[in-house]
Amino acid sequence: MKKITIAIDGFSSTGKSTVAKQLADYLGYIYVDTGAMYRAVTLYALQNKFLSEDEFDKKSLIKSLPTIELEFRKENDNANAEIFLNGKNVEKEIRTMYVSGFVSPVATIPEVRKKLVAIQHQMGVEKGIVMDGRDIGSVVFPNAELKIFMNANAEVRATRRYEELLAKGDNVTFLAILENVQKRDLMDTTREDSPLVKAENAIEIDNSELNQEDQFTIILQLAKDRIAGRV
Ligand code: DC
């Protein structure tokens, strides 16, 4: 059967990774969470003290980029792929509010983007891939057969994120999360290099009032139509 490339972009906490994983599982495709890659580079910058509340030594981070190795590994066939930074599993660490608070400035650096886009490109050469992020349909795979742009209002997104972090036992307030979501929206859409935009030919899905099941059904049908060559 023909394999396609599926690009899923959109605002933070719109559930991109949930639907991307569902699609990849169903179709037997590879799933790549590119946000995890930007988060891992951010964690590296924090660990190496290039980045703090007070300053950001971009030069040193850029100089260190060749020493950053990123890899997705699966424990077994049924497990989700987890991200490894220089050989260490950092899947949990990169999801904390602490890292979330610093990731947007790191994602503005063109050298960081160039390195990560090159890795992403390589992962998709054989198609059969679902990749989610901010610039997948616009920069990484502009020729993707299916491009989805996901949106939902900020309060709905913050509520989802809040419930997720509470369930994990994180000590967070709803307001802090809403502010983080809004700040990231602004930075993601206004940065100079590869800002978050709805790519040409992308199909916009607002899931403020859509449940996960209905959303999956809609997007899966769009994928099936393209795999079968109906579109
Ligand atoms: O999807 P996420 O929230 O895990 O992404 C983390 C950050 O990385 C987000 O602020 C935007 C940035 N990002 C990006 O600039 N380009 C991508 N392809 C993916 C994420």
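You'll find the structure just up there.
Just so you know, these numbers come straight off a predicted model, no measurement behind them.

Taking 1.5 Å of rise per residue, 14 residues should cover 20 Å, and helix α2 (residues 34–47) covers 20 Å from first to last C-alpha, within 8% of that figure. With 12 of 14 residues buried, α2 lies mostly within the body of the structure. Backbone nitrogen of G35 and a side-chain oxygen of the N-cap are separated by 3.1 Å at the start of α2; the cap is D33. Phi for K49, located one or two positions after α2, is positive at around 60 degrees.

Here we come to the sheet that holds strand β1 (residues 5–10). On the basis of which strands lie adjacent, the open sheet formed by five strands has the order β2-β6-β1-β7-β8 and parallel pairing. If you trace the sheet from one side to the other, it starts and ends with β2 (30–33) and β8 (203–206), each paired once. Strand after strand, the sheet turns through a mean of 20 degrees between neighbouring axes, direction not considered. Pairing between β1 and strand β6 (residues 129–133): five bridges, direction parallel. The residue bridging T5 from the neighbouring strand is I129, located in β6. Relative to β1, helix α1 (residues 16–27) is tilted by about 170 degrees, and along the sheet it contacts β1, β2, β6 and β7 (146–151). Against the sheet, helix α9 (residues 212–227) makes contact with β1, β7 and β8, and its axis sits at roughly 160 degrees relative to β7, the strand it touches most.

So, about the packing of α2 against helix α4 (residues 97–107). Two numbers describe how α2 lies on α4: the axes approach to 8 Å, and their chain directions differ by 100 degrees. Here α2 is positioned roughly perpendicular relative to α4, judged by the angle of their axes. Contacts between α2 and α4 pair Y38, R39, V41, T42, L43 and L46 from the former with Y98, V99, S100, F102, V103, V106 and A107 from the latter. Residue classes in the contact of α2 with α4 are distributed as 10 nonpolar, two polar and one charged.

This next bit is on the sheet that holds strand β3 (residues 70–73). What the three strands build is an open sheet, ordered β3-β4-β5; its pairing is antiparallel. On the outer flanks of this sheet lie β3 and β5 (88–89), each paired with one strand and no other. Inspection of the sheet shows strand β4 (residues 82–85) paired to β5 by two bridges, in the antiparallel sense. By the bridge assignment for β5, L85 is matched with K88.

What follows concerns the packing of α4 against helix α8 (residues 174–190). It is at 9 Å that the axes of α4 and α8 come closest, and there the two elements cross at 20 degrees. Looking at the two axes, α4 sits roughly parallel to α8. Seen from above, α4 lies across α8 with left-handed handedness. Between α4 and α8, the contacting residues are M97, S100, G101, V103, S104 and P105 on the first element and A176, I177, N180, K183, R184, M187 and D188 on the second.

What follows concerns the pairing of β7. For β7, a buried count of six out of six residues is recorded, marking the element as mostly surrounded by other parts of the structure. Of the two faces of β7, the one carrying L146, I148 and M150 and the one carrying K147, F149 and N151 are both buried. In this sheet, β7 lies alongside β1 in parallel orientation, the contact comprising five bridges. Each bridged residue has a counterpart across the sheet, and for G10 the counterpart in β7 is M150.

Close contacts around the ligand come from 15 residues, with R39, R113, D135, R184 and R191 the closest. At 2.9 Å, a side-chain N or O of R134 approaches an oxygen atom of the ligand. Measuring from an oxygen atom of the ligand, one finds a side-chain N or O atom of D188 at 3.4 Å. Bound to the protein, the ligand loses 95% of the 450 Å² it would expose on its own. Those elements giving two or more residues to the shell around the ligand turn out to be α2, α4 and α8. Counting residues per element, the shell around the ligand draws most heavily on α2, which supplies four residues. Taken together, the residues of the shell around the ligand break down into four nonpolar, four polar and seven charged.

What counts as what
- Residue positions are given per chain, counting from 1 as you read along its sequence in written order.
- Residue-level local features of this predicted model are given only where pLDDT is at least 70; pairs of side-chain atoms are given and counted only at 80 or more, and the full residue set underlies all totals for whole chains, interfaces and linings.
- Excluding hydrogens and water, the side-chain values take into account all heavy atoms of the structure.
- Here a strand is any run of E in DSSP of at least two residues, a helix any run of H or I of at least four, and the numbering for each starts at the N terminus.
- The span expected for a helix works out to 1.5 Å for each residue beyond the first.
- Note on classification: 1.4 Å probe, protein chains only; a residue is buried when its accessible area is under 20% of the maximum for its type, exposed when over 50%, partly exposed between these limits.
- In the analysis that follows, any N or O atom pair within 3.5 Å is treated as a polar contact, provided that within protein one partner can donate a hydrogen and the other can accept it, and provided that, for residues neighboring in sequence, both atoms belong to side chains.
- Note: two strands are recorded as paired if DSSP finds a minimum of 2 bridges between them.
- Axis definition: a line fitted to C-alpha atoms, limited for helices to the stretch in contact. Angles are taken between N-to-C directions and run from 0 to 180 degrees.
- Throughout, a contact is declared for two residues whenever any of their heavy atoms are within 4.5 Å.
- Roughly parallel refers to an angle under 35 degrees, roughly antiparallel to one over 145, roughly perpendicular to one between 65 and 115, and oblique to any angle outside these ranges.
- Polar here means any residue other than Ala, Val, Leu, Ile, Met, Phe, Trp, Tyr, Cys and Pro, which are nonpolar, and Asp, Glu, Lys and Arg, which are charged; Gly is therefore polar.
- By the definition used in this description, the sense in which the near helix is turned from the far one sets the handedness, with an anticlockwise turn below a right angle giving left-handed and a clockwise turn giving right-handed.
- Throughout, the term near means that a residue has one or more heavy atoms lying within 4 Å of the molecule or strand in question.
- Exposure was quantified through the Shrake-Rupley algorithm and a 1.4 Å probe, taking into account, for residues, occlusion by the shown protein chains and nothing else.

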